[in-house]
Amino acid sequence: MKRFACIVYIIALSGLLIFNSCIREDISGNTPEDNFEALWKIIDEQYCFLDYKNQEYGLDWNEVHERYARRITSDMTWENLFEVLSDMVNELRDGHVNLSSSLATSQYREWFDSYPRNFSDSIQSIYLGKDYTNSSGLTYSILENNIGYIYCSSFSNGIGDGNLDQTLNKLAICDGLIIDVRNNGGGNLTTAQKLAARFTNEKMLVGYMCHKTGPGHSDFSEPKPVYIEPSDGIRWQKKVVVLTNRRSYSATNDFVNSMNQFPNVTIVGDKTGGGSGLPFSSEIPNGWSIRFSASPMFDPEMNQLEFGIDPDVKVDMKSEDVQQGKDTIIETACKILKN
């Protein structure tokens with residue numbers, strides 16, 4: 001039986017270089033015990049946050065092995081094995097960790113289910129009105145108080161430079177700009193950085209990235225600086241407020257971190273969902289795929305971003321505002337921009 005593992009490393013200098021690295025490894029046996037041991041070992045040797053999560057909430061991966069090994073039996077069904085292995089990887093408390101099979105795909109949901117939603121698309125439609133524009137994955141409009149509003153629901157699709165020029169040019173008359181990335185679950189890091197590049201006039205250090213270099217929990221490369229270079233296109237010069245909630249995840253977490261380094265930007269809403277580790281995919285003997293974080297990212301002060309980024313102004317949507325069709329977070333952003 002072969003195990004295949006592939007990782008995409010993204011190294012940022014002035015731009016991004018992307019390359020694939022694949023590992024092919026012989027593994028014999030396909031019993032429940034073999035698959036359990038293979039999965040535990042992959043995480044033990046390649047997951048990038050074991051030491052950090054031990055510090056944060058006492059995760060002991062060896063103790064996890066002992067506890068879950070007692071639930072593995074040689075005659076258990078594939079369904080039961082999937083349930084046990086899913087429970088085990090959920091101990092990592094990481095939305096990037098997914099065990100996939102023909103049966104199902106595991107998902108750790110507590111990172112957002114334990115927080116307020118802080119977003120309503122029906123209320124958002126009230127603010128957008130009827131004259132909003134959809135362009136290159138962005139939805140934008142000018143609010144009644146002459147504040148520009150851009151909603152970015154995903155970074156999965158590319159954002160064209162021409163469309164960004166057109167969007168920012170149309171909103172140039174506004175007194176300030178709201179960029180709403182609530183419920184944006186991420187996507188392409190390059191797309192997130194392309195958007196962020198429209199809000200700085202100089203090359204900015206926005207953080208660091210490492211990648212695993214060996215099987216030890218602390219085997220990492222030296223931190224490599226990540227920069228945002230100013231775009232050659234139209235760049236926004238007025239104040240900006242970025243709206244966040246717990247479903248602002250993965251590449252969106254990176255976008256918020258980048259924007260957080262710019263002097264004219266304020267982050268408003270709830271703490272982001274995190275998910276800073278670039279994902280890695282591997283396979284256990286029975287063919288199930290495991291996806292997990294393998295390359296940690298940090299802010300310029302080398303703080304971990306895995307568990308999310310705190311806003312400058314913490315705001316939740318008030319129930320009384322929701323009943324009246326108001327978005328407390330948008331209203332707060334407008335007050336900041338008007339003042």
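Since the structure is predicted, the reported quantities are computational estimates derived from the model, not experimental observations. (Residues numbered from 1 in each chain as written. Predicted model: local features only at pLDDT ≥ 70, side-chain atom pairs only at ≥ 80, totals over all residues. Heavy atoms only, no water.)

**Some details on the pattern of salt bridges**
Then, number 1: Applying the stated rule across the entire model yields 14 salt bridges.
Then, number 2: Of the charged contacts, one joins R67 and E91 as a salt bridge, the two residues approaching to 2.9 Å between their closest N and O atoms. In this pair, R67 sits in helix α3 (residues 61-69) while E91 sits in the loop between α4 (78-90) and β3 (98-100), placing the two residues 24 residues apart along the sequence.
Then, number 3: As a salt-bridge pair, R109 and D113 come within 3.1 Å of each other at their nearest N and O atoms.
Then, number 4: Among the charged side chains, a salt-bridge network with shared partners connects K53, D94 and E306. (Salt bridge = Lys/Arg side-chain N within 4 Å of Asp/Glu carboxyl O. Helix = DSSP H or I, 4+ residues; strand = E, 2+ residues; numbered from the N terminus.)

**Some points on the nonpolar core**
Then, number 1: Judged by nonpolar contacts, the single largest core of 38 residues is most densely connected at I179, F199, V242, F255, M259 and F262.
Then, number 2: Those residues within four positions of F262 in sequence are excluded, and the remaining contacts are A196, F199, T200, M204, V206 and I228.
Then, number 3: Ranked by size, the runner-up nonpolar core spans 32 residues in total, among them A38, Y52, I72 and L81. (Core = buried A, V, L, I, M, F, W, Y, C linked by side-chain atoms within 4.5 Å. Buried < 20%, exposed > 50% of the residue type's maximum accessible area, 1.4 Å probe, protein only. Contact = heavy atoms within 4.5 Å.)

**Description of the environment of W40**
Then, number 1: The topology assignment puts W40 in helix α1 (residues 32-46).
Then, number 2: Sequence separation between W40 and L85 is 45 residues, and the spatial gap between their C-alpha atoms is 8.9 Å.
Then, number 3: Excluding residues within four positions of it along the chain, W40 makes contact with W61, N62, H65 and M88.
Then, number 4: Here the side chain of W40 touches W61 through a polar contact of 2.9 Å, landing on its backbone oxygen. (Polar contact = N/O pair within 3.5 Å; in protein donor to acceptor, adjacent residues only side chain to side chain.)

**Topic: the sheet that holds strand β15 (residues 313-314)**
Then, number 1: Strand order in this open sheet of seven strands is β4-β5-β6-β7-β10-β11-β15, and the pairing throughout is mixed. Each end of this open sheet is capped by a strand with a single partner; those strands are β4 (133-135) and β15.
Then, number 2: Where β4 and strand β5 (residues 138-142) come together, three bridges link them in antiparallel fashion. When the sheet's bridge partners are listed, N134 is paired in β5 with T139.
Then, number 3: Sheet strands touched by helix α6 (residues 121-128): β5, β6 (147-152) and β7 (176-180). Its angle to β6, the strand with the most contacts, is close to 145°.
Then, number 4: Packed on one face of the sheet, helix α9 (residues 251-260) meets β7, β10 (240-244) and β11 (265-269) and runs near 150° to β10. (Pairing = 2+ DSSP bridges. Axes fitted to C-alpha atoms, helices over the stretch in contact; angles between N-to-C directions.)

**Considerations on the packing of α1 against α4**
Then, number 1: Running from amino to carboxyl end, α1 crosses α4 at an angle of 20°, the nearest separation of the two axes being 11 Å. It follows from the interaxial angle that α1 and α4 lie roughly parallel. Handedness of the crossing formed by α1 with α4: right-handed. Of the residues in α4, those touching α1 at P32, N35, F36, L39 and W40 are W78, L81, L85, M88 and V89.
Then, number 2: In terms of residue class, the contact of α1 with α4 is built from nine nonpolar, one polar and no charged. (Parallel < 35°, antiparallel > 145°, perpendicular 65-115°, else oblique. Left-handed = near helix turned anticlockwise from the far one by under 90°. Nonpolar A, V, L, I, M, F, W, Y, C, P; charged D, E, K, R; others polar.)

Remember, this is a structural readout, not a statement about activity or role.
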